[in-house]
Amino acid sequence: MEAPPGGGFRPASIVCLLTALLGTTVLAPHALAQQQAPLRGPVGENVLQAQSNGRRILAQNTVPPTGTPPPDSGIPSRPYEPLSPGALPPVTGDEGLGLRGVPLDSDLLPSGPADDSNNLGAQSPPVDQFGPIPEDRAARTVASRRVRAAVDEETTNSIPNPPIEQNREANPPAGPAERDNLPEPAIERRAIRPDPEPFAPFGIRAGTVTLRPSISTGLRATTNADGSSDGSGALLSETRLRARATTDWSRHSAWLDFDGLYDKSLVGEDYSAPNIALRSGFQLDLGARTTVKGEAGYRYRQEDPSAPTTIVGTSNRPAVQDIDANLGVRREFGQFFADVKGNVDHTTYGNAEFSDGTTTSQKDRDNTFASVALRGGFEMSPAIKPFAEVEIGKLMYDEAVDSNGFRRSGMRTGLRGGVELDIREKLTGELALGYLRQDIEDDRLNAVEGLSVDGAIKWSPQRGTDVDIGLLTRIEGATAPGDSGSIFYEGTVGIKRQARANLDLKANLFVSLRDNKDDTGWDKGFGAEIGATYWFNRFFGLDISARHELTRSEVDTRNTNETSIFVGVTLQR
C-alpha cells in the first residue's frame, strides 16, 4: 500500500481510531441491553449437553399430537430461550425426555452430581424448564408424566419422606433468652436437713466417750410412804439422778450407767430411803468369731417389807447391798456357737432396828454365790439362734451356821433351753425356760426347786415406740427355823411412745409371784404406772406420773397397798 500523497499514514490512522470509538459508542447500549435480562438460574454445561442430545433423538421419533390439552394442565410456563443466538442447537421437540433431558429409552444416567437433598428446604424446579415447551399441549403433558414415571423408577422402593415434625421434647422451641449473669453457686453447698430428734440431749463429749446426765426432782403424794402393811400417807420430796456414758470406738465398746433415787418425807409419816444402782460393761471383739463380754454392778436398796425374810416389828427397813460381776467368752464354729460364762454375786444385809432402840444383826444372811454356765447352740438364721444351757454353782453363807443352828449353804444346778433373737432394730434379746434347784447342806431342810423363766427382750413395733420385756427367776433364802426359802418370779413390761417430738408417753406393768416353801401358799403382786414428759427444749421438761401397787398373801403382814402421784421437772444435758 502506498501512502497518500503529501502526508503518509499518520492522518489515516487518526481517522480510523475516531471511527472505531464512534462505533463503540453507538453499539454499547445494545450490548448492555442484553445483560439487563437476568438468566433463570445457572445452567450446568452437562445439563445443556444432555438436553441437546435428548432433543435430537426425540425430534426423529416425535408423533404429531392430536386433540386438545386436558383442562387441568394449567397455564403453560415460558420456555427457556437464551439471549445469545446459537447457544443451543435447534430443537424440534422434547417428547420422550427423562430426568435432566435424558431420553427415557436410554440406559445412560444423567451426568453431573446427584441430588441427595430429598427436596428439603426448597422446591425442586420442574423438569421441563430445561427446554422449550412443545407447541402441542397434550404431547407436553404426556412427556411430563413419562418424566415423573422415570423419576419414580430411579427411586424404586424408596421410603417416602413425609414432612418433618418437630420433636418438642428433644428440640423444644426457642424461648425467651435466659438471664446469663447469674451468681456463681458455692463450691461446697451444705444441705440442711431437719433434726429427727430436736429435743434429744446432746451429751457431754470427752474424746471417744459421751456422757448424758439428767436430774429429776418433784413431789410425790402417796398413801403408803414405806410400802408396808401398816404404812400411812405422806408427801415426799423425790430426787433422781441418772447418767449414762458410752464409747465410740471403732471395734470394741464399753458403757456405764448410774441411777440414784432419794425419797424424803415432807409431810406425814417419817420416811427416808436412798436407792442407788451402778453398772458397767464392755465387749471385746477378738477376731471375727470370738467375743468377750463382761459386766459388773453395785446396788444399794432397802429390803422389801412384803418379803418373808423381813423381821416383823422393826422401825426401819434394813439396807441390802449387792455386788456382782460376770465374764463370758463366745466362740462361733460355722453355724454353731459355744458360750462359757462365770458369775459371782455377793449380798450383805444391814441391821434391823426396833422402836425401843435395840438392833439385831443379820450377818448370818450374808452370802456369796458363784456359778459357771455353759451354753451351746446353732444358727437357724441370722435372726433366730436356739440354744441349751447348763449352770452349776454354789451358794456359800459367810457364817456356816446361822443364828438358829442351820447350815444353809449348798449346790445349785440349772438347766435351760431357749432362743436368741436378733432382728436388727425390731427385736433383740433372748428367752429361756428351764428348771432350777437349790440344795441345802442341812438335812432338816428340803431343797428349793421349781420352774425357771428368764428373758430380756427389746421390741420396737413401729418407729417411736419401744417395748421392754423382762422375766426373772431367783431363789430366796430364809431365816426362820425349818424354812428352806422360796422361788420368786417377776415379769415387767415397759412401753415408751414418742407421741410428738417434745412429748414422751410411758407405761409400766409388773407382776410378781412368790412360791413359799413354808406352806404359806403364793404371794401375788401387781403394779401399774403411767406417765408423760413434755419437753420445752433439749434441756428442760415437765414430768407427771401416777402409780398403783398391791400385794396379796395368806400372811397379813405381807399384804400391801399403795397409790401415788408425782409431779416434777427434769433437766438433762
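Cut-offs and rules
- Residues numbered from 1 in each chain as written.
- Predicted model: local features only at pLDDT ≥ 70, side-chain atom pairs only at ≥ 80, totals over all residues.
- Heavy atoms only, no water.
- Helix = DSSP H or I, 4+ residues; strand = E, 2+ residues; numbered from the N terminus.
- Contact = heavy atoms within 4.5 Å.
- Areas by Shrake-Rupley, 256 points an atom, 1.4 Å probe, with all protein chains shown as cover.
- Patch = residues over 30% accessible without salt bridge, like charges linked within 9 Å, V, L, I, M, F, W, Y side chains within 5 Å.
- Salt bridge = Lys/Arg side-chain N within 4 Å of Asp/Glu carboxyl O.
- Phe/Tyr/Trp six-rings, centres within 6.5 Å; stacked < 30°, edge-to-face > 60°.
- Buried < 20%, exposed > 50% of the residue type's maximum accessible area, 1.4 Å probe, protein only.
- Lys NZ or Arg CZ within 6 Å of the ring centre and 35° of its normal.
- Polar contact = N/O pair within 3.5 Å; in protein donor to acceptor, adjacent residues only side chain to side chain.
- Pairing = 2+ DSSP bridges.
- pLDDT = per-residue confidence, 0-100.

(A) Spatial organisation of the overall build of the protein chain. Looking only at helices and strands, the protein chain has three helices and 21 strands in total. Expressed as a percentage of contacts within the protein chain between residues at least 6 apart in sequence, the contacts between residues at least 24 apart total 55%. About 37,000 Å² of surface is accessible on the protein chain, with carbon and sulfur atoms providing 58% of the total.

(B) Here's a closer look at unusual backbone geometry. Phi angles above zero are rare outside glycine, and Arg-424 is one such case at about 50 degrees. Within the secondary structure, Arg-424 is located in the loop between β13 (410–423) and β14 (427–438).

(C) Expanded view of a nonpolar patch on the surface. A cluster of nonpolar side chains, namely Phe-202, Ile-215, Leu-241, Tyr-534, Phe-536, Phe-539, Phe-540, Leu-542, Ile-544, Ile-565, Val-567 and Leu-571, defines an oily patch on the protein surface of about 1,100 Å² accessible area. Looking at the nonpolar patch, the elements that each hand over two or more residues are β20 (540–552) and β21 (560–572). Position of Leu-571 relative to the elements: it lies in strand β21.

(D) Structural context of the packing of aromatic side chains. The final tally for this structure, using the stated rule, is four aromatic pairs. On the numbers, 6.4 Å between centres and 45 degrees between planes, the contact of Phe-202 with Phe-539 is tilted. Separated by 337 residues along the polypeptide, Phe-202 in the loop between α3 (137–154) and β1 (204–206) and Phe-539 in the loop between β19 (522–535) and β20 bring together distant segments of the chain. Residue Phe-202 is classed as partly exposed on the basis of its relative accessible area of 49%. With a centroid separation of 6.3 Å and an interplanar angle of 50 degrees, the aromatic rings of Phe-336 and Phe-378 are classed as tilted. Here Phe-336, found in strand β8 (residues 336–349), pairs with Phe-378, found in strand β11 (residues 367–378); they are 42 residues apart in sequence, far enough to count as distant. Given the relative accessible area of 53%, Phe-336 is considered exposed. The ring of Phe-387 carries Arg-375 above its face, with NZ or CZ at 3.8 Å from the centroid. Cation over ring: Arg-444 sits above Phe-406, and NZ or CZ is 4.1 Å from the ring centre.

(E) Highlighting the side chain of Asp-454. By the element assignment, Asp-454 lies in strand β15 (residues 448–462). Reaching out from Asp-454, the side chain makes a polar contact with the side chain of Ser-452 at a distance of 2.9 Å. When near neighbours in sequence (up to four residues on either side) are disregarded, Asp-454 contacts Arg-416, Leu-431, Ala-432, Leu-471, Leu-472 and Thr-473.

(F) Here's a closer look at the environment of Met-411. By the secondary structure assignment, Met-411 is in strand β13. Separated by 19 residues in the primary sequence, Met-411 and Ile-392 place their C-alpha atoms 7.6 Å from one another.

(G) Region of interest: the pairing of β8. With 14 bridges connecting them, strand β7 (residues 319–333) and β8 associate as antiparallel partners. Each residue of the ladder has a partner; that of Phe-333, found in β8, is Phe-336. The loop that links β7 with its antiparallel partner β8 comprises two residues; one of these, Gly-334, has a positive phi angle of about 65 degrees. Alignment of β8 against β11, held across 12 bridges, turns out to be antiparallel. Residue Phe-337 lies in a different strand from β11, and its bridge partner there is Gly-377.

(H) Molecular detail of the pairing of β7. Strand direction decides the pairing type here: strand β6 (residues 290–302) and β7, joined by 13 bridges, are antiparallel. Looking at β7, one finds that Arg-299 is bridged to Asp-322.

(I) Looking closely at the pattern of salt bridges. Counting across every chain of the model gives 30 salt bridges. Taking the shortest distance from any N to any O, the salt bridge between Arg-240 and Asp-259 comes out at 2.7 Å. Separated by 19 residues along the polypeptide, Arg-240 in strand β3 (residues 234–247) and Asp-259 in strand β4 (residues 253–268) bring together distant segments of the chain. Since its relative accessible area comes to 31%, Arg-240 is described here as partly exposed. A salt bridge links Arg-375 to Glu-389; its shortest N-O distance comes to 3.0 Å. Placement of the pair is Arg-375 in strand β11 and Glu-389 in strand β12 (residues 384–397), with a sequence separation of 14 residues.

(J) Here's a closer look at the side chain of Thr-533. With respect to the helices and strands, Thr-533 occurs in strand β19. In this structure the side chain of Thr-533 is engaged in a polar contact, spanning 2.6 Å, whose partner is the side chain of Asp-543. Excluding its chain neighbours within four sequence positions, the residues that come into contact with Thr-533 are Asn-502, Leu-503, Asp-504, Leu-542 and Asp-543.

(K) Structural context of the confidence of the model for the protein chain. Residue-level pLDDT values for the protein chain average 79, and 68% of them are 70 or greater. Contacts of residues 1–9 to residues separated by more than four positions or lying in other chains number four contacts, the stretch itself having pLDDT below 50. This stretch, residues 57–73, has a pLDDT under 50; its non-local contacts, to residues over four places away or in other chains, come to 19 contacts.

(L) Structural context of the environment of Val-567. Mapped onto the fold, Val-567 is located in strand β21. Taking relative accessible area as the criterion, Val-567 reaches 43% and is therefore assigned partly exposed. Taking the C-alpha atoms as reference, Val-567 lies 6.7 Å from Arg-220; in sequence the two are 347 residues apart. Ignoring any residue separated from it by four or fewer positions in sequence, one finds Val-567 in contact with Gly-218, Leu-219, Asp-543 and Ile-544.

(M) Fine view of the environment of Glu-332. By the element assignment, Glu-332 lies in strand β7. In this structure Glu-332 comes out as partly exposed when scored by relative accessible area, which is 25%. Considering only alpha carbons, one finds Glu-332 and Glu-379, 47 residues apart in sequence, at a separation of 9.7 Å. Non-local contacts of Glu-332, meaning those with residues more than four positions away in its chain, are made with Arg-289, Phe-337 and Lys-385.

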